[in-house]
Amino acid sequence: MIKLKAKISVEKGNIIGKVSNNLYGSFVEHLGRCVYSGIYEPGHSTADQFGFRGDVSELVKELGVSVIRYPGGNFVSNYRWEDGVGPVNERPVRLDMAWRSLERNEVGVNEFSSWCKRIGVEPMMTVNLGTRGIQPALDLLEYCNHPSGTYFSDLRIKHGYAEPHNIKYWCLGNEMDGEWQVGHKTPDEYGFLAASTARAMHMFDPELKLVSCGSSHTFMDTFPDWEATTLTHTYDVTDFISLHQYFDNFDNDTADFLAKSQETDRFIHTVVSVCDYIKAKKRSTKDMMLSFDEWNLWYHSKAHDDDMMANKPWTEAPNLLEDIYTFEDALVEGCMLITFLKHADRVKMACIAQLVNVIAPIMTEKGGGVCKQTTFYPFQHVSEYGRGESLRAFCESPKYDSRNYCDVPYVESAVVRNEENGDITIFAVNRNLEEAAETDFYLRGFEDYSFKEHIVLENDNLKAANTVAEPFNVVPAVRSDSVADNGNGNYTIRLNKASWNVIRFVRK
Ligand code: AHR
């Protein structure tokens, strides 16, 4: 007998907003083994002619990643892009201050952008506003996007890249509010520099889409004043403000951990409010969009990494941030994705940080195999079935209190209608660790639909994980016994305890 009852209803025409394809972005930083022995490993049995791992490229395509932010992250703030172009054997080895690593610069903007093109992904470049400023940013822009006939465009051609990369999305620095950032700034210093850089970049191409740095975390002392002050400078000349958020389960309290996406929701509300306040002050007609360009879970590797950073000599591509994710991590990731969909009107960019090996959905062994982490699956499902318009779902669910959160609904859900084929998909997490939730689902105005499929990710062991040696401990399954069609667009769906659910409906 199921005691936990929930209700979800959607109504035709009640739309939150169009889901941006850029919600399914990721992030490649020169950090640990994300680039070297991650996406790039010449000599690997699956490497293509450019040295990029074919097994990884295939999984990136399967994940459905739309845009990839590059080359950092903290790394970018003492990076010289010129080091990563030209003949590889002439490129310098540099000290990367952010991650106490040696950077050989075998991969740079040309290799990265060409790889993106080959796998059908849009690159998003970050310029260094830590140790550098406007001129190097303009030089990089000219190198990447100008067709020919100027110093930097001809240099690119000389380097073997006849066609411009035409990079549309650019981030103006990274986490400039954080004192760990090389060259971190006060809000006024950063806001002024970011706005001046943006204006100069727009002189080259007014169509560029620019992202200014928001706060690195909600617990920064300067949040949300940082947003208010920097936007005073940047509002008119940028398109997005960034949000970064990482969760952990250091306390090993699953109920509390699963509730953390409540903070994502609050973070979005706060940043939207600040943006709209600046909009009002400026008498602007433009809405500032949100770029959640770093989000994920980050904790499994912390102790190892602190030791590594403090005590080890400078090394190339060390094993850093190699979190092995558990099943419960996948549930939290699902809740975060659902939260983005619920704010599809303002969150128009999101990048899971990162893509490979470094707090990533894909793990590799150097010279060996590759595996999908548990967190691969919710992302893949939402990226596959979550394109279209996000419908406003009215969800009634019993709630619980955890150590740090009150009134957390057991059932968290979002609903997306694909505009091309009309398919409707519910994404839902049941946070209850003991009981299934019997959920009545009402599709108002979509009575000509029928149930197609219920995909689940569930596991009796919340700490189960996948590795290259054991890649199938946590994999999705299709359930055939969980949905009852009550007619007239009404369904009853069983969401098992602690589960990620994708329920699909198609037109009859
Ligand atoms: O993604 C790992 C790091 O987290 C990034 O380099 C930085 O921007 C953030 O603090």
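Described below are features of the structure shown in this document. (Residues numbered from 1 in each chain as written. Predicted model: local features only at pLDDT ≥ 70, side-chain atom pairs only at ≥ 80, totals over all residues. Heavy atoms only, no water.)

1. Some remarks on the state of the cysteines
Inference 1: If you walk through the whole model with that rule in mind, you get zero disulfides.
Inference 2: No disulfide involves C335; its sulfur sits 11 Å from that of C395, the nearest cysteine. (Disulfide = S-S within 2.5 Å.)

2. So, the packing of aromatic side chains
Any pair of aromatic rings gets described here by the distance separating the centres and the angle formed by the planes.
Inference 1: Going through the model one piece at a time under the given rule, you end up with 26 aromatic pairs.
Inference 2: Relative to W298, the ring of Y246 has its centre 4.9 Å away and its plane inclined at 80 degrees; by these criteria the two rings are edge-to-face. Of this pair, Y246 sits in strand β10 (residues 240–247) while W298 sits in the loop between β11 (289–297) and α9 (302–311), placing them 52 residues apart in sequence.
Inference 3: Classification of Y246 as buried rests on a relative accessible area of 14%.
Inference 4: These aromatic residues form a ring-pair network of at least three members: Y36, Y40, F52, Y70, F112 and W115. (Phe/Tyr/Trp six-rings, centres within 6.5 Å; stacked < 30°, edge-to-face > 60°. Helix = DSSP H or I, 4+ residues; strand = E, 2+ residues; numbered from the N terminus. Buried < 20%, exposed > 50% of the residue type's maximum accessible area, 1.4 Å probe, protein only.)

3. Overview of the site of the ligand
Inference 1: Near the ligand you find 13 residues, and of these E29, N74, E175, Y246 and E294 are the closest.
Inference 2: Interatomic distance of 3.0 Å between a side-chain N/O atom of N174 and an oxygen atom of the ligand.
Inference 3: Within the side chain of E175, one N or O atom sits 2.7 Å away from an oxygen atom of the ligand.
Inference 4: About the coverage of the ligand: the protein hides 97% of its 280 Å² of free accessible area.
Inference 5: Placement of the ligand is best described as lying within the largest pocket. (Near = heavy atom within 4 Å. Polar contact = N/O pair within 3.5 Å; in protein donor to acceptor, adjacent residues only side chain to side chain. Areas by Shrake-Rupley, 256 points an atom, 1.4 Å probe, with all protein chains shown as cover. 1 Å grid on protein atoms, 1.4 Å probe; cavity = no way out; pocket = protein on both sides within 12 Å on 5 of 7 lines; lining within 4 Å. Sits in = over half its atoms within 2 Å of the grid points.)

4. Let's talk about the sheet that holds strand β23 (residues 449–457)
Inference 1: Taken together, seven strands build an open sheet; the order of strands is β2-β16-β20-β21-β27-β23-β24 and the sheet is antiparallel. Two strands in the sheet have a free side with no partner beyond their single neighbour: β2 (15–18) and β24 (477–479). Ignoring strand direction, the axes of neighbouring strands in this sheet form an average angle of 25 degrees.
Inference 2: Across seven bridges, strand β20 (residues 411–417) lies against strand β21 (residues 424–430) in antiparallel orientation. Across the sheet, S413 pairs through a bridge with A428, a residue of β21.
Inference 3: Sheet strands in contact with helix α11 (residues 376–385) are β20, β21, β23 and β27 (499–507), and its direction is about 15 degrees off that of β27. (Pairing = 2+ DSSP bridges. Axes fitted to C-alpha atoms, helices over the stretch in contact; angles between N-to-C directions. Contact = heavy atoms within 4.5 Å.)

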